There are 2 protein chains.
Amino acid sequence: MTAGEPSPWVREGERTLVSTKVLDLTSVRYRQPGAGAVKEFVVIHAPDWVNVVAVTPGGSIILVRQFRFGSNALSLEVPGGMIEEGEDPVAAGMRELEEETGYGGGKVSLLGKVRPNPAIQDNWCHFVLVEGAVPTGPMDWDEDEDIEVSMAPAAQVLGWARSGAITHSLSVAALLLFGGSRRV
Amino acid sequence: MTAGEPSPWVREGERTLVSTKVLDLTSVRYRQPGAGAVKEFVVIHAPDWVNVVAVTPGGSIILVRQFRFGSNALSLEVPGGMIEEGEDPVAAGMRELEEETGYGGGKVSLLGKVRPNPAIQDNWCHFVLVEGAVPTGPMDWDEDEDIEVSMAPAAQVLGWARSGAITHSLSVAALLLFGGSRRV
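Criteria and thresholds
Residues numbered from 1 in each chain as written. Chains lettered and ligands numbered in written order. Predicted model: local features only at pLDDT ≥ 70, side-chain atom pairs only at ≥ 80, totals over all residues. Least-squares fit on C-alpha atoms with pLDDT ≥ 70 in both. Contact = placed C-beta atoms within 7 Å. Helix = DSSP H or I, 4+ residues; strand = E, 2+ residues; numbered from the N terminus. Nonpolar A, V, L, I, M, F, W, Y, C, P; charged D, E, K, R; others polar. Axes fitted to C-alpha atoms, helices over the stretch in contact; angles between N-to-C directions. Parallel < 35°, antiparallel > 145°, perpendicular 65-115°, else oblique. Left-handed = near helix turned anticlockwise from the far one by under 90°. Buried ≥ 20, exposed ≤ 12 C-beta atoms within 10 Å, placed from the backbone. Pairing = 2+ DSSP bridges. Domains from an automatic or database assignment.

Participant: Would you mind going over the relation of the copies chain A and chain B with me for this structure?
Facilitator: Between the two chain copies there is a screw-like relation: a rotation about an axis and a shift along it. By a simple turn and slide, chain A fits onto chain B: the slide is 0.0 Å along the axis, the RMSD is 0.0 Å, and the turn is 180°. Interpreted geometrically, this transformation is the action of a two-fold axis. When C-alpha positions in chain A are compared against the rotation axis, the closest is assigned to Ala173 of chain A, at 2.4 Å. A symmetric contact is evident, with 100% of the interface residues of chain A recurring at the interface of chain B.

Participant: Please explain the interface of chain A and chain B as it appears in this structure.
Facilitator: Interface extent is often summarised as the accessible area lost during association of the parts. Listed by partner, the interface residues are 58 residues for chain A and 58 residues for chain B. Secondary structure elements with two or more residues in the side of chain A that touches chain B: β1 (10-19), β2 (24-31), β3 (38-45), β5 (60-68), β6 (73-77), β9 (107-114), β12 (148-153) and α3 (169-182) of chain A. Examining the composition of the side of chain A that touches chain B, we find that seven residues originate from one element, α3 of chain A, more than from any other. Looking at the side of chain A that touches chain B residue by residue, the classes come out as 31 nonpolar, 15 polar and 12 charged.

Participant: Help me out: how do you make sense of the packing of α3 of chain A against helix α3 (residues 169-182) of chain B in this one?
Facilitator: Packing of α3 of chain A against α3 of chain B leaves a shortest axis separation of 9 Å and a crossing angle of 45°. Taken together, α3 of chain A and α3 of chain B sit at an angle that is classed as oblique. As α3 of chain A packs across α3 of chain B, the resulting crossing turns out to be left-handed. Within the contact between the two elements, α3 of chain A uses Ser169, Leu170, Val172, Ala173, Leu176, Leu177 and Gly180 of chain A and α3 of chain B uses Ser169, Leu170, Val172, Ala173, Leu176, Leu177 and Gly180 of chain B. Across the contact of α3 of chain A with α3 of chain B, the residue classes break down as 10 nonpolar, four polar and no charged.

Participant: Can you help me understand the pairing of strand β1 (residues 10-19) of chain B in this one?
Facilitator: For a regular strand, side-chain orientation follows a simple rule: the groups alternate between the two sheet faces. All names here are of chain B. The buried fraction of β1 is low, at zero of 10 residues. For β1 and strand β2 (residues 24-31), the ladder comprises eight bridges, and the chain directions are antiparallel. Residue pairing across strands places Arg15 opposite Ser27, the latter belonging to β2. Taking the residues that link successive antiparallel strands as the turn, the β1-β2 hairpin has four residues.

Participant: When you look at the sheet that holds β2 of chain A in this model, what are you seeing that I'm missing?
Facilitator: In a beta sheet, neighbouring strands pair by backbone hydrogen bonds and run either parallel or antiparallel. Residues and elements named next belong to chain A. Read from one edge of the open sheet, three strands run β1-β2-β3, paired in antiparallel fashion. Edge positions in the open sheet fall to β1 and β3, since each of these has one partner strand only. Between one strand axis and the next, the sheet turns through 25° on average, direction left out of account.

Participant: Which parts of the structure should I look at to understand the domain arrangement of chain A?
Facilitator: For chain A, the domain assignment lists domain 1 (10-45) and domain 2 (49-182). Relative to domain 2 of chain A, the C-alpha centre of domain 1 of chain A lies at a distance of 30 Å.

Participant: Looking at this model, I keep getting lost on the sheet that holds β2 of chain B. Mind explaining?
Facilitator: All names here are of chain B. Strand order in the open sheet made by the three strands is β1-β2-β3, with antiparallel pairing throughout. For this open sheet the edge positions go to β1 and β3 (38-45), each flanked by a neighbour on one side alone. Neighbour to neighbour, the strand axes of the sheet diverge by 25° on average, direction disregarded. The pairing of β2 with β3 spans eight bridges and is classified as antiparallel. Within β3, the residue paired with Arg29 across the bridge is Glu40.

See below:
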């Protein structure tokens, strides 16, 4: 146990190692507390993300199932995606919900936000709650997206988040935050 | 809404773009379903991780606070780290708990596991529950680690996970899974 709070390092600069469409891999130079040595740490620079817990008037949560290239497997998740430059998290959540599922409308609010991984990433993931989501229009998938849209009663979806049937950590966190706020 | 379940792509190979101590950035070649085109997707290859919810005999949860190089900020989290090659997740959780906090012992079980990010990562994060954790020995920090160890009653820590005082998504998911299992 330290005597007190750890001292922050001082960020001195960064260089981009690889730049891709979804993230940049950077090496960030930090100086050790107390004017110590300078060391480099790998940091994934990515735009903020948004995940959406969308509940229908009947109390079901809208889910998407799609092939994921990281896990090389199908994954059942809440809708979500990248927030565009300057875009409001709530607006981004509604956009992603509408594009991925064709649902929208309802009462929209922020449920919370998390750091996907503060050890190696610099971004946030915002959780948006949509209450009373209804079909609003056609879906509009990105290239390479093929999405199965489904819904199930909130208690059942919370059970999937708790049992491991839903594995994406950000979907799990969003759903459990929603469940805690509603005692589902 | 698709007629049915999305078809998986076929993984055909990969190349490493950058290799670092904590992760490799790779480009993975996938063939589109139905013998379609081959496209490349960025995937972060990392070892599996472990996060530990350790509860003392008095019902407090053990927390660590440290500077994080991704977020450039101090972060309050549950203990955790990388699982070594061939290491059992439960053993890794106990090792990380002991190294980071000097606590150990108790009854150990798996609380669950999540994909940190199946869209762009290929690894799992296992959640280990330690019930009845007690001081067992000296801490053994990695180079560059400076950790403040603390503890607080479970209900208070769950409140921090729900309110945003704890931001790391994997800590939030682990704590809310624990809270749901105990109705804390």
